[in-house]
Amino acid sequence: MNLKMTDITALGRPIDPSYPTNRAIVLLSVAAVLVGAIAQLVGGMALLPSIVWGASAGLSVFLGWALARELDPDHDLSAFVGAGLTMIGLLLSGLPSLLVLLWLMLALRIIDRTVGLPARPLDSLALLGLGGWLTWQGNWVAGLVTAVALLLDGLLSPPLRYHVLLSGVALAVTAALLIFQGGIAPASELTRPAVLVAVLLAALFAIVIATTRELRTKGDVTGEPLNPRRVQAAQILALFTALIYVWWGGESSGPDLLPLWAAMTGVALSRLALLFLSRRR
Amino acid sequence: MQFPTVAGYNLLRRKLDLPQDLEGELNLVLIAFQQWQQSQVDTWIPSAKQLEQVYPQLRYYELPTIQQRNALAQTFINEGMRAGIPDPVARERTITLYLDKVAFRRALALPHEDDIYVLLLDRQGRVLWRAEGVFSPEKAQSLTQAIEGG
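Residues numbered from 1 in each chain as written. Chains lettered and ligands numbered in written order. Predicted model: local features only at pLDDT ≥ 70, side-chain atom pairs only at ≥ 80, totals over all residues.

> Looking at this structure, I do not really get the interface of chain A and chain B. What am I missing?
Counting residues at the interface gives 18 residues for chain A and 12 residues for chain B. Residue composition of the side of chain A that touches chain B, by class: 8 nonpolar, 10 polar and no charged. (Contact = placed C-beta atoms within 7 Å. Nonpolar A, V, L, I, M, F, W, Y, C, P; charged D, E, K, R; others polar.)

This is the structure:
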């Protein structure tokens, strides 16, 4: 039996080194690993923790790029702006919450189907498992967003109907845990500048959502153009997640979701630049 | 009784050696063994915050205590816990300990893991006072007396 990766998962996107942009992001991520590890070593950290820090920095930069690829699949430039902004952010605020970002990446790929295929059962389990683990730890946003992601995938064309049922399960479990763990409490300290920055970036990204229509990018496996409705839904979910995190997490939500904010900003700036240039022609 | 020398990471990802890196002249440590015991820990937090304001020499910490795991599992658990606690102050004060739980409990004479334990330590890590389980006004009064006596 010849088992293909897509038989197991519809979320895996191997990095094809024949594309120069793929080679570039790999080099950029490796550079972030090395610079990050050396900087921590020089700063007095022990060898192993420095290597782990560097590896996390490299993964963060890669995620800034990869998240932007999900949010704006037609434009390579957005993803590199996202990766660059992540690098700057790492210098200013330290490492993000990689587990949360990996979970969010699963959710976005299930909705926008950049591979071209509906989620496999293992993909659904991975999203539920990781989202459930985060929710169990007190991160109710993960439970809520997991439920919304599954609902969107169960409703948008072509729908994966059993995800509607799983969405209900995710929502019920999240509600039960909220009751058990003590409910929703917004951030106690949220400064006006932080709110203003979040609102400004959200407004910029809303332009991206509004102007995402026909897409040229094709599904990795199917060769069919991506469904713009699904990509828009993923964009809306990303924005919703970022904003609800600001409300719940306060000041720490920026650094925690750094690659997501960087990706959304990169996509928005690139889209604005393209809109500006197209008007001038 | 002496708090054993152990190492852990707080949720800001900083390595700490206990009890020497505890910052207070007196340190109130809330030791939990299971995730569900967080609700028991939470019953103590308002009082601990209030006591910190009244007694500036006091600091409180949460110590989730977990059986030894490999580095990958530790990172996964720590990052999950961090994701559930967005408050930077709470992250700084939550120090996850991966250790031999039986030996740790034996060193502190903690008979079981069914409840949380609350210990008041002095600068050298000596145990000045202890309580078990959820907060109560009687325990708080006894703690206040211990702080004033310590």
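> What should I look at first to understand the nonpolar core in this one?
Side chains that are nonpolar tend, in soluble globular proteins, to be buried together. All names here are of chain A. One finds Ala-107, Ala-149, Leu-237, Leu-260 and Met-264 to be the most contacted residues of the largest nonpolar core, which totals 73 residues. Per element, the largest residue contribution to this core is 11 residues, and it comes from helix H3 (residues 47–71). Other than its neighbours up to four places away in sequence, Met-264 contacts Leu-71, Leu-201, Phe-205, Ala-238, Leu-239 and Ala-242. (Core = buried A, V, L, I, M, F, W, Y, C linked by C-beta atoms within 7 Å. Buried ≥ 20, exposed ≤ 12 C-beta atoms within 10 Å, placed from the backbone. Helix = DSSP H or I, 4+ residues; strand = E, 2+ residues; numbered from the N terminus.)

> Sorry if this is basic, but what is going on with the packing of helix H5 (residues 98–112) of chain A against helix H6 (residues 121–136) of chain A here?
Packed helix pairs are specified by the crossing angle of their axes together with the interaxial distance, meaning the distance between the axes. All names here are of chain A. As a packed pair, H5 and H6 sit with axes 10 Å apart at the nearest point and diverge in direction by 145°. Once H5 is placed against H6, the crossing between them reads as left-handed. Where H5 abuts H6, its residues Leu-99, Val-100, Trp-103, Leu-106, Ala-107 and Ile-110 lie against Asp-123, Ala-126, Leu-127, Leu-130, Gly-131 and Leu-134. (Axes fitted to C-alpha atoms, helices over the stretch in contact; angles between N-to-C directions. Left-handed = near helix turned anticlockwise from the far one by under 90°.)

> I keep staring at the pairing of strand S6 (residues 117–122) of chain B and nothing clicks. Help me out?
Two faces make up the sheet, and in a regular strand the side chains alternate between them. Residues and elements named next belong to chain B. Burial runs high along S6: 5 of the 6 residues are buried. Pairing of S6 with strand S7 (residues 127–132), which is carried by 5 bridges, proceeds in the antiparallel orientation. For Leu-121, the partnering residue across the bridge sits in S7 and is Val-127. Connecting S6 to the antiparallel partner S7 that follows it, the hairpin turn spans 4 residues, and Gly-125 within it adopts a positive phi of roughly 90°. (Pairing = 2+ DSSP bridges.)

> Can you walk me through the sheet that holds strand S4 (residues 58–67) of chain B in this structure?
Where strands meet in a sheet, backbone hydrogen bonds hold them as pairs that are either parallel or antiparallel. Residue and element names in this part refer to chain B. Taken in spatial order, the 7 strands of this open sheet run S2-S1-S5-S4-S3-S6-S7, and their pairing is mixed. Two strands close off the open sheet at either side, each with one partner strand: strand S2 (15–18) and S7. On average, each strand axis in the sheet is inclined to that of its neighbour by 30°, with strand direction left out of account. Examined bridge by bridge, strand S3 (residues 26–32) and S6 share 6 bridges and lie antiparallel to one another. Each residue of the ladder has a partner; that of Val-29, found in S6, is Leu-119. Contacting strand S1 (6–10), S4 and strand S5 (95–99), helix H2 (residues 71–84) crosses the sheet at an angle of about 155° to S5. Contacts from helix H4 (residues 101–108) reach S4, S5 and S7, with the element oriented near 140° to S4.

> What exactly am I supposed to notice about the packing of H6(A) against helix H8 (residues 162–181) of chain A here?
All names here are of chain A. Contact geometry for H6 and H8: axes closest at 10 Å, N-to-C directions at 10°. Here H8 runs roughly parallel to H6, going by the angle between their axes. Where H6 approaches H8, its residues Ser-124, Leu-128, Gly-131, Gly-132, Thr-135 and Trp-136 are matched on the opposing element by His-163, Leu-166, Ala-170, Val-173, Thr-174 and Leu-177. The residue makeup of the contact of H6 with H8, split by class, is 6 nonpolar, 6 polar and no charged. (Parallel < 35°, antiparallel > 145°, perpendicular 65-115°, else oblique.)

> Please explain the environment of Ile31(B) as it appears in this structure.
Residue and element names in this part refer to chain B. When you line up the elements, Ile-31 lands in strand S3. Take Ile-31: there are 25 C-beta atoms within 10 Å of it, and that puts it in the buried class. Separated by 22 residues in the primary sequence, Ile-31 and Gln-53 place their C-alpha atoms 22 Å from one another. Excluding residues within four positions of it along the chain, Ile-31 makes contact with Leu-63, Thr-65, Ile-116, Tyr-117 and Leu-119.

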